[in-house]
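A structural walkthrough
One-letter residues, chain by chain:
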Amino acid sequence: MIYDMLIIGSGPAGMTSAIYGLRANLKVALFEKSAPGGAMINTAKIENYPGYKSIDGVSLSMNMYQQVIDLGVDYYSREIEKIEKGDDKFKVFSDGEIFYSKTVIIATGTKNKKLSVENEEKFSGRGISWCAICDGNFFKNKIVAVVGGGNSALEEGMYLSGLAKKVYIIHRRDEFRASKRIVEEAMEKENIEFVYNTIVTGFFGSDKLEGLILKKLTSGNETILNVDGCFEYIGQEPNSNFVKGLNITNEKGYIMVDNNFETKIKGLFASGDIINKEFRQIATAVNDGAIAALSASRYCK
Ligand code: NAP
């Protein structure tokens, strides 16, 4: 099978590209290694995507997914290992098979960063989580900590405050990166307590997590905090290892593109959170995905 447009990643950027590609009558393949929706699917509540005053991430993901399936995309649940540029087509490698396409759009987004402190590995999945919507239910009426000071930490902290008895939000500074409105909303929750200027230096417990070791940055003092669960929301890193050989990323691993979302390799595009940009939102991913697909359609013709 030779495609006109092969999209890697089915978050909002990838799925928008698929919609535009299919409506331009192109033969489109969409590859995804986990569930459709990307980071969206792990988001409890979305309130800044036009058309929905409030929607949960799973529903928005499934709406987009159903739309691309109904339009006739070839959807593959598999991982891409490598991309090679041939004379007039790209070769895309997945699990011993090669797929050919005139254009490729990389929309693989980012993955959650880890704290990389003592015992994190040991208690990962045994109290430490990176997804409140997936694991929050395990902590009904229990005590949890959320680490981070960005939109994700505050939003998911609020989601957890509806399940847990108590939520500690532990932030390394005394100012938040999250938007003012979200911070104000979180501060109104009675069962959220903010712990400022503090980092987590380790985890402890027996067979499951029992607590955190904290260090106050202003004094250097170490304390322990007994919790049943800990959710890490300390930012993201790009899913771009599979394109390392192509020399299209910056020093942090984000893909460099021009105004048409094309990389320096003609016919190879990138969009959404994986590209080097300042604002990472569902709305900006959708914008990138549309422009990448329109540019790729023009390239095909
Ligand atoms: P983020 O905005 O990069 O925030 C990461 C937070 O973790 C920062 O507060 C940072 O502290 C802290 N941090 C980083 N490394 C740490 C470490 N080793 N130990 C302790 N704390 C650490 O990440 P995000 O919240 O995942 O958001 C990612 C992107 O998605 C952002 O662009 C965000 O705006 C967007 N997003 C938007 C929405 C929305 O619009 N509703 C929702 C979710 C995410 P410092 O502040 O000190 O650097």
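Our structure's up above, just so we're on the same page.
Analysis parameters
Residue numbers here run from 1 along each chain, matching the order of that chain's written sequence. The model is predicted, so local features are restricted to residues of pLDDT at least 70 and side-chain atom pairs to those at 80 or more, both for listing and for counting; the totals for chains, interfaces and linings are taken over all residues. To get the side-chain values, all heavy atoms of the structure are used, and hydrogens and water are removed first. The criterion for a disulfide is a pair of cysteine sulfur atoms lying within 2.5 Å. Exposure is judged per residue with a 1.4 Å probe applied to protein chains only, and the accessible area is read against the type maximum: over 50% gives exposed, under 20% gives buried, and values in between give partly exposed. Centre distance within 6.5 Å is the pairing criterion for rings of Phe, Tyr and Trp, where only the six-membered ring of Trp is used; planes under 30 degrees apart are then read as stacked, over 60 as edge-to-face, and the remainder as tilted. By the criteria applied, helices consist of DSSP H or I runs no shorter than four residues and strands consist of E runs no shorter than two, each listed in order from the N terminus. Two conditions define a charge located above a ring, namely a distance within 6 Å from the ring centre to NZ of Lys or CZ of Arg, and an angle within 35 degrees of the ring normal. Here, two residues are considered to be in contact whenever any of their heavy atoms come within 4.5 Å of each other. The pairing criterion is simple: DSSP has to find at least two bridges between the two strands. A fitted line through C-alpha atoms serves as each axis, taken over the contacting stretch for helices, and the angle formed by two N-to-C directions is quoted from 0 to 180°. Residue count minus one, scaled by 1.5 Å, sets the expected span of a helix. Like-charged residues are merged into a patch within 9 Å and nonpolar side chains (Val, Leu, Ile, Met, Phe, Trp, Tyr) within 5 Å, provided each residue has over 30% relative accessible area and no salt bridge. Only the protein chains shown count as covering a residue, and every accessible area follows the Shrake-Rupley method with a 1.4 Å probe. Counted as salt bridges are all cases of a side-chain nitrogen of Lys or Arg within 4 Å of a carboxyl oxygen of Asp or Glu. Neither His nor the chain ends contribute to the count of charged residues, in which Lys and Arg are positive and Asp and Glu negative. A charge is said to be at NZ when it belongs to Lys, at CZ for Arg, at CG for Asp and at CD for Glu.

We now examine the state of the cysteines. For the coordinates displayed, the defined rule picks out one disulfide. Disulfide pairing is shown between C131 and C134; the S-S distance is 2.0 Å. The sign of the 75° torsion about the S-S bond sets the C131-C134 disulfide as right-handed. We classify C131 as buried; its relative accessible area is 7%. With no disulfide partner, C230 has as its closest neighbouring cysteine sulfur the one in C131, 14 Å distant. Since its relative accessible area comes to 0%, C230 is described here as buried.

Next up on the list: the packing of aromatic side chains. All told, the structure shown has ten aromatic pairs when counted by the stated rule. Look at Y3 and Y76: their rings are 6.4 Å apart centre to centre, the planes differ by 85°, and that puts the pair in the edge-to-face class. With a gap of 73 residues between them, Y3 in strand β1 (residues 2-8) and Y76 in strand β3 (residues 74-76) connect regions that are remote in the sequence. You'll find Y3 and Y76 in the same group, each marked buried. Each ring, one from F139 and one from F231, has its centre 5.6 Å from the other, and the planes form 80°; the classification is edge-to-face. One end of the pair, F139, is in the loop between α4 (132-135) and β9 (143-147); the other, F231, is in strand β15 (residues 229-232), with 92 residues separating them in the sequence. F231 shares its class with F139; the two are buried. Grouping aromatic residues by their ring pairs yields a cluster made of Y3, F31, Y76 and F99. Just above the ring of F93 sits the side chain of K82; from NZ or CZ to the centre is 4.6 Å. The cationic tip of R280 hangs over the ring face of Y254; the distance from NZ or CZ to the ring centre is 4.3 Å.

For the rest of this paragraph, the subject is the environment of I83. Examined against the element boundaries, I83 turns out to sit in strand β4 (residues 82-85). Linking I83 and L268, residues 185 residues apart in sequence, is a C-alpha distance of 9.7 Å. Excluding residues within four positions of it along the chain, I83 makes contact with I8, F90, K91, V104, I106, F242, V243, L246 and L268.

Either a parallel or an antiparallel arrangement is found when strands of a sheet pair, and the pairing is made through backbone hydrogen bonds. Here three strands make up an open sheet; going across it, the order is β12-β13-β14 and the pairing antiparallel. A single partner strand is all that each edge strand has here, and the edge strands are β12 (198-205) and β14 (222-226). In this sheet, adjacent strand axes meet at a mean angle of 30° when their direction is disregarded. Here β12 runs beside strand β13 (residues 209-216); their pairing, made up of seven bridges, is antiparallel. Note on β13: the bridge partner recorded for G202 is I213.

Before going further, it helps to examine the sheet that holds β9. Judged by pairing direction, the sheet is parallel, and its five strands sit side by side in the order β8-β15-β9-β10-β11 without closing on themselves. The outermost strands of the open sheet, each flanked by one partner alone, are β8 (128-129) and β11 (192-195). Bridge count for β8 against β15 is two bridges, and the pairing is parallel. Note on β15: the bridge partner recorded for I128 is C230. Packed onto the sheet, helix α5 (residues 151-161) meets β9, β10 (166-170), β11 and β15 and runs at close to 170° relative to β10.

Our focus in this paragraph is helix α7 (residues 282-300). Between its first and last C-alpha atoms α7 spans 27 Å; for 19 residues at 1.5 Å apiece the expected length is 27 Å, and the two agree. Along α7, the positions that sit buried rather than exposed are I282, A285, V286, D288, G289, A290, A292, A293, S295, A296, S297 and C300. Where α7 is buried, its residues meet β1, α1 (12-23), α2 (57-71), β6 (97-106) and β17 (268-270).

A cluster of basic side chains, namely K113, R172, R173, R177 and K252, defines a positive patch on the protein surface. Positionally, R173 belongs in the loop between β10 and α6 (180-187). Residue R173 is classed as partly exposed on the basis of its relative accessible area, which comes to 34%.

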